[in-house]
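# Structure at a glance
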Amino acid sequence: MKTNFEQCLEMLLGHEGGFTDDQDDRGNSMGDGHGNKGSTMFGVTSYNYARYTDKPAPAEVMLLLEHEDVAPIYKEKYWDRARCDDLDSGLDWSVFDFYVNAGGNAAKQLQKIVGAKRDGAIGPKTLQVVAEHDTKELIEKMHDARQVYYESLGQEKYLRGWTNRNKATLKQALKMHKE
């Protein structure tokens, strides 16, 4: 079974950047679940890090995280859940990066594009239908669906950044597909 996880994780971490403490970010609104204000490191919220480690994740903890601390979270909670190892190169990246931003909504968009049941879980039936489609076309349609999704959120503060990320992901995914 192929895996592009390491390559895609590297690109993802480039998109996510380092530490942020943006309280307008809906991902930070729950804090860490242990009474600490929310923050994010490498795209992982303090809430998700605390849930994954079962320990409090105040800003002091989040600031010390390294790539290897968040890699298992991205592998288990996003890459594996989105069945990226079962997707063609390029489409795996497109789905993974969107899944990190939108969770099951990314899976639902892929399912909508291919005409599969929109349950937000990529399983054998979805994979079978995906395999019947042209990968390049799916990558392009995922880009378009992702942009519509971002524009529907009503968070103008982040739209320009999301749009730039979406364009970069499209370019990277198409390059991966050609290789």
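Just above, that's the structure.
A brief look at the structure comes next. Since this is a predicted model, take the numbers as computed values, not measurements. (Residues numbered from 1 in each chain as written. Predicted model: local features only at pLDDT ≥ 70, side-chain atom pairs only at ≥ 80, totals over all residues. Heavy atoms only, no water.)

## Considering empty space enclosed by the protein
As enumerated under the stated definition, the model contains 1 cavity of 30 Å³ or more in all. Counted as a void, the largest cavity has a volume near 50 Å³. Around the largest cavity sit Ser94, Ile139, Met142, His143, Arg146, Asn166, Thr169, Leu170 and Ala173, which together line it. Mapped onto the lining of the largest cavity, the elements with two or more residues apiece are helix 8 (135–152) and helix 9 (156–178). Here the residues of the lining of the largest cavity are counted per class, giving 4 nonpolar, 4 polar and 1 charged. (1 Å grid on protein atoms, 1.4 Å probe; cavity = no way out; pocket = protein on both sides within 12 Å on 5 of 7 lines; lining within 4 Å. Points joined across faces, edges and corners; volume = space filled by probe spheres on them. Helix = DSSP H or I, 4+ residues; strand = E, 2+ residues; numbered from the N terminus. Nonpolar A, V, L, I, M, F, W, Y, C, P; charged D, E, K, R; others polar.)

## Here's the deal with the pattern of salt bridges
What the rule picks out here adds up to 8 salt bridges. Linking Lys77 and Glu76 is a salt bridge whose minimum nitrogen-to-oxygen distance equals 3.5 Å. By relative accessible area, which is 26% here, Lys77 ends up partly exposed. Note on Glu76: relative accessible area 38%, which makes it partly exposed. Between Arg165 and Asp97 there is a salt bridge, and its shortest N-O distance comes to 2.7 Å. With Arg165 in helix 9 and Asp97 in helix 5 (residues 91–102), this residue pair connects regions lying 68 residues apart in the sequence. A residue is classified by how much of its surface remains accessible, and Arg165, at 10% relative accessible area, is buried. Members of the salt-bridge network, linked through shared partners, are Glu16, Asp97, Arg146 and Arg165. (Salt bridge = Lys/Arg side-chain N within 4 Å of Asp/Glu carboxyl O. Buried < 20%, exposed > 50% of the residue type's maximum accessible area, 1.4 Å probe, protein only.)

## Some points on the side chain of Asn4
Considering the arrangement of structural elements, one finds Asn4 in the segment before helix 1 (5–16). A residue is classified by how much of its surface remains accessible, and Asn4, at 14% relative accessible area, is buried. Within the structure, Asn4 has its side chain in polar contact with the side chain of Asp92 (distance 2.8 Å). (Polar contact = N/O pair within 3.5 Å; in protein donor to acceptor, adjacent residues only side chain to side chain.)

Just distances and angles here, no functional claims.
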